[in-house]
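Next come the chains, spelled out residue by residue.
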Amino acid sequence: MTPEHIILFMETSSKQYTSIEAKINATGYINENEEEIVHGVYEITTRWSQDKEYWNIHRTIYPTINFPQTREEIVTYSFTEQHTKKLTEEQDKIPRGLVRFGGKRDSDESFLTINMALWEYCDILWKKIHDLHDIALKYDRFSNLYELKVIIQKPIDAAYTFYLDPTKKFIPVKKEITENDTLIKHINCDQFQNVNNVWIPYSYSCTEFKERRKQYYEVEEASANIDIEDSLFDFYFPPDTIVIDEIADIKNKFKM
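Presented here is an overview of the structure given in this document. (Residues numbered from 1 in each chain as written. Predicted model: local features only at pLDDT ≥ 70, side-chain atom pairs only at ≥ 80, totals over all residues. Heavy atoms only, no water.)

## What to know about the pattern of salt bridges
Threshold: Whenever Lys or Arg places a side-chain nitrogen within 4 Å of a carboxyl oxygen from Asp or Glu, that contact is recorded as a salt bridge.
All chains considered together, the criterion is met by 17 salt bridges. Each of Asp 51, Lys 52 and Asp 230 takes part in salt bridges that share partners, so that together they form one network.

## Here we look at the environment of Lys 168
Selection criterion: Helix and strand assignments follow DSSP, with helices taken as H or I runs no shorter than four residues and strands as E runs no shorter than two, numbered in order from the N terminus. Note on classification: 1.4 Å probe, protein chains only; a residue is buried when its accessible area is under 20% of the maximum for its type, exposed when over 50%, partly exposed between these limits. A contact between two residues is defined here by any heavy atoms of the two lying within 4.5 Å.
Along the chain, the position of Lys 168 falls in the loop between strand S9 (158-165) and strand S10 (171-179). On the accessibility criterion, Lys 168 (16% relative accessible area) is buried. In this structure the C-alpha to C-alpha distance between Lys 168 and Asn 194, which are 26 residues apart in sequence, comes to 9.0 Å. Residues in contact with Lys 168, not counting those within four places in the same chain, are Phe 192 and Trp 199.

## Quick word on the state of the cysteines
This is how it is decided: Cysteine sulfur atoms are paired as a disulfide whenever they fall within 2.5 Å.
Inspection of every chain in the model, using the stated rule, returns zero disulfides. No disulfide involves Cys 189; its nearest neighbouring cysteine sulfur is the one of Cys 122, lying 9.8 Å away. With no disulfide of its own, Cys 206 lies 9.9 Å from the sulfur of Cys 189, the closest cysteine sulfur. When its relative accessible area of 3% is taken as the criterion, Cys 206 is described as buried.

## Quick notes on the nonpolar core
The cut-off we apply is this: Take the buried Ala, Val, Leu, Ile, Met, Phe, Trp, Tyr and Cys residues and link them wherever side-chain atoms come within 4.5 Å; each set so joined is a nonpolar core.
Formed by 56 residues in total, the largest nonpolar core has its most connected members in Tyr 17, Ile 114, Ile 200 and Tyr 204. Among the elements that make up this core, the one with the highest residue count is strand S12 (residues 198-208) (six residues). In contact with Ile 200, not counting residues within four places along its chain, are Tyr 17, Ile 20, Ile 114, Gln 191, Phe 192, Gln 193, Val 195, Ala 222 and Ala 224. Of all hydrophobic cores here, the second largest spans eight residues; its members include Tyr 54, Leu 87, Ile 228 and Phe 235.

## Looking at the packing of aromatic side chains
Note the following rule: Note on aromatic contacts: the rings of Phe and Tyr and the six-membered ring of Trp form a pair at centre separations within 6.5 Å, being stacked when their planes are under 30 degrees apart, edge-to-face when over 60 apart, and tilted otherwise. Criterion for a charge above a ring: Lys NZ or Arg CZ within 6 Å of the ring centre, and within 35 degrees of the ring normal.
Applying the stated criterion across every chain, the model contains twelve aromatic pairs. Ring geometry for Tyr 17 and Trp 119: centres 5.8 Å apart, planes at 70 degrees, overall edge-to-face. In this pair, Tyr 17 sits in the loop between helix H1 (3-15) and strand S1 (19-32) while Trp 119 sits in helix H2 (residues 114-119), placing the two residues 102 residues apart along the sequence. Here the two residues Tyr 17 and Trp 119 agree in accessibility, since each one is buried. Pairing Trp 55 with Tyr 77 gives two aromatic rings, centres 5.3 Å apart and planes at 70 degrees, and the pair type is edge-to-face. Of the two residues, Trp 55 is situated in strand S3 (residues 52-61) and Tyr 77 in strand S4 (residues 71-80); the sequence distance between them amounts to 22 residues. Side by side, Trp 55 and Tyr 77 carry an identical accessibility label, which is buried. Over the ring of Phe 233 we find Lys 52, and its NZ or CZ is 5.4 Å from the ring centre.

## Let's talk about the pairing of S12
We count it as follows: Criterion used throughout: strands pair if DSSP finds at least two bridges between them.
The element S12 is largely enclosed, with a buried count of eleven among its eleven residues. Here strand S11 (residues 182-195) pairs with S12 via ten bridges, running antiparallel. Among the inter-strand pairings, Asp 190 is bridged to a residue of S12, identified as Ser 203. Hairpin connection of S11 to S12: two residues between the antiparallel strands, including Asn 196 at a positive phi of 55 degrees. Pairing of S12 with strand S13 (residues 213-224) involves six bridges; the strand directions are antiparallel. Looking at S13, one finds that Glu 208 is bridged to Arg 213. Taking the residues between adjacent antiparallel strands as the criterion, S12 and S13 are bridged by four residues, where Arg 212 takes a positive phi near 60 degrees.

This is the structure we're talking about:
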């Protein structure tokens, strides 16, 4: 089996996911002064389809050296490729809203959805398949996983290693990202269940070595490949929200 075959199997599998809706509990840890402490806990509702996405995150952020106060907030996002809506709500504070051009940005991603845990970084394979000259593939009989390693030298020397399970349609159950020969991120998916003919991890984790933080996720409930009403991907700003609308180039207080 060639790397090109493996990549095609992966792309085919990714296209079988048309929607995911889930409730997820997450706990984040950060390493400070050689001690691992709880940094935050999250209750997350996510809805994803191939052209839109919705997040609602109830999060409690605990004190760190740089931020000594505990903070509780609810952050809600609505994404399409064309625009983003964001609402931030904190107790005893005026709600803050944002409307802007374009979809998700790296700065929005404080956690991993199920879709991100499975398929983040994989698009470099099928988007750049003709540019990938440094590819290595090997099979580990002990773990029954294929290990696909891709090296990209521009804009930086980076290596992406995908561990693929042939019993689950070659989905990546583990990923490692290396920059300049240093491991910077590790994502591991576990406790898979077959949900409507696709594999969903009910437990997954992400370790970011440069930032010295880890996040553990437990999926409370999930559905896949179902019709989700368009209205469930959007939300209304509550009364008196201060909204910055970058599309209309205005800042005002939203009224019902």
